[in-house]
Amino acid sequence: MPQATNILLTGGRGRLASAIYDFQIKLNNRIQSFSRTAGGGFQGLEDLLKPGLWEQADFLLHAAWSTVPLVSERAPATEWETDLPWLARMLRHYGERGARRPIHFVFFSSGGTVYGDAVKDTASKEEDLLFPKGWHGLAKVQAETLVREACAHYGMPCTILRISNPYGMTSSTVRPQGIIP
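Owing to the predicted nature of the structure, the values given are computational and were not obtained by experimental measurement. (Residues numbered from 1 in each chain as written. Predicted model: local features only at pLDDT ≥ 70, side-chain atom pairs only at ≥ 80, totals over all residues. Heavy atoms only, no water.)

Some thoughts on the packing of helix α4 (residues 83–96) against helix α6 (residues 134–154)
Packing of α4 against α6 brings their axes to within 10 Å, and their N-to-C directions diverge by 10 degrees. On the basis of their axis angle, the class for α4 and α6 is roughly parallel. Residues Leu84, Leu87, Ala88, Leu91, Arg92, Tyr94 and Gly95 of α4 pack against Ala139, Gln142, Ala143, Leu146, Val147, Ala150, Cys151 and Tyr154 of α6. Among the residues forming the contact of α4 with α6, the class breakdown is twelve nonpolar, two polar and one charged. (Axes fitted to C-alpha atoms, helices over the stretch in contact; angles between N-to-C directions. Helix = DSSP H or I, 4+ residues; strand = E, 2+ residues; numbered from the N terminus. Parallel < 35°, antiparallel > 145°, perpendicular 65-115°, else oblique. Contact = heavy atoms within 4.5 Å. Nonpolar A, V, L, I, M, F, W, Y, C, P; charged D, E, K, R; others polar.)

Examining the side chain of Glu79
Tracing the backbone through its elements, the reader meets Glu79 in helix α3 (residues 78–81). The buried charged residue Glu79 lacks any salt bridge, with Lys140 as its nearest oppositely charged partner at 8.0 Å. Setting aside its immediate chain neighbours within four residues, Glu79 contacts Trp65, Thr67, Ser72, Leu84, Pro85, Trp135, His136 and Ala139. (Buried < 20%, exposed > 50% of the residue type's maximum accessible area, 1.4 Å probe, protein only. Lys, Arg positive; Asp, Glu negative; His and termini not counted. Salt bridge = Lys/Arg side-chain N within 4 Å of Asp/Glu carboxyl O.)

A short note on the pairing of strand β2 (residues 30–35)
Here strand β1 (residues 6–10) pairs with β2 via five bridges, running parallel. Bridging from a neighbouring strand, Asn6 pairs with Arg30 of β2. The parallel pair β1 and β2, bridged by helix α1 (residues 15–26), forms a crossover whose chirality is right-handed. (Pairing = 2+ DSSP bridges. Right-handed = clockwise from strand over helix to strand, strands pointing away.)

Description of the sheet that holds strand β6 (residues 158–161)
Pairing is parallel in the open sheet, where six strands are placed in the order β3-β2-β1-β4-β5-β6. Both outer strands of the open sheet, β3 (43–44) and β6, are each paired with one neighbouring strand and no more. Both strand β4 (residues 59–62) and strand β5 (residues 104–108) contribute to a ladder of four bridges, which runs parallel. Among the inter-strand pairings, Phe59 is bridged to a residue of β5, identified as His104. α1 rests against β1, β2, β4 and β5 of the sheet, and its axis sits at about 165 degrees to β1.

Considering a nonpolar patch on the surface
Where nonpolar side chains cluster on the molecular surface, the patch consists of Trp80, Trp135 and Leu138 and spans about 280 Å² of accessible area. Mapped onto the secondary structure, Trp135 falls in helix α6. (Patch = residues over 30% accessible without salt bridge, like charges linked within 9 Å, V, L, I, M, F, W, Y side chains within 5 Å. Areas by Shrake-Rupley, 256 points an atom, 1.4 Å probe, with all protein chains shown as cover.)

Here we look at the pairing of β5
For β5, the tally of buried residues reaches four of five residues, placing the bulk of the element in the interior. As paired strands, β5 and β6 are joined by four bridges and run parallel to one another. Counted as the bridge partner of Phe105 is Cys158 from β6.

Some details on α1
Given 3.6 residues per helical turn, the α-helix brings residues three or four places apart onto the same face. Taking 1.5 Å of rise per residue, twelve residues should cover 16 Å, and α1 covers 17 Å from first to last C-alpha, within 8% of that figure. For α1, the full list of buried residues reads Ala17, Ile20 and Gln24. In an axial view of α1, the angular spread of the buried residues amounts to 60 degrees, which keeps them on one side of the axis. Buried positions along α1 lie against β1, β2, β4 and β5. At the C-terminal side of α1, Asn28 shows a positive phi close to 65 degrees. (Expected span 1.5 Å × (residues − 1). Arc of directions from axis to C-beta.)

Some words on the packing of aromatic side chains
Under the defined criterion, the tally for this structure stands at three aromatic pairs. Between Trp65 and Phe107, the ring centres sit 6.0 Å apart and the planes meet at 65 degrees, which makes this aromatic pair edge-to-face. Linking Trp65 in the loop between β4 and α2 (69–74) with Phe107 in strand β5, this pair joins segments that are 42 residues apart in sequence. Since its relative accessible area comes to 0%, Phe107 is described here as buried. Centroid distance Trp80 to Trp135: 5.9 Å. Interplanar angle 85 degrees. Geometry classified as edge-to-face. Separated by 55 residues along the polypeptide, Trp80 in helix α3 and Trp135 in helix α6 bring together distant segments of the chain. Directly above the aromatic system of Trp65 lies the positively charged group of Lys140, at a separation of 4.1 Å from the ring centroid. (Phe/Tyr/Trp six-rings, centres within 6.5 Å; stacked < 30°, edge-to-face > 60°. Lys NZ or Arg CZ within 6 Å of the ring centre and 35° of its normal.)

Dropping the structure here:
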């Protein structure tokens, strides 16, 4: 059996991160889940900055985000006050660790908002130009730029996933998201 992978996962209370967590456990990977508030099996986001935590990690999956498109439009620029500063702080923490074992940073972006309105019956492709839709799309594009630049600067491998409308998960009537049950 191959050696288990060590994963740090942000956004632990979210539906996407919950599904990722369950899948990784089935693969016998070691995964630590972080959320804005600690408790109930989740560590607080601030715990990510504890010395030594990243030294055993192979991946950091960053799925934490404070808004969805509808919420973002109701409270413009929330991401610039919350998500982008936290992302910058987390990436800077990686860089301040010095030349140690690299961690692969995976950022969950938003295909539905960074590309803008799709042409009818045409799927967006990675190489398509970005036409961010709304505050949420603008913030995700800014986050992608921050991730690419910081990871290049610190020599950290990274992957940006522009996901859109995950399916097969229960949807919430409280938090409006593009999840297809």
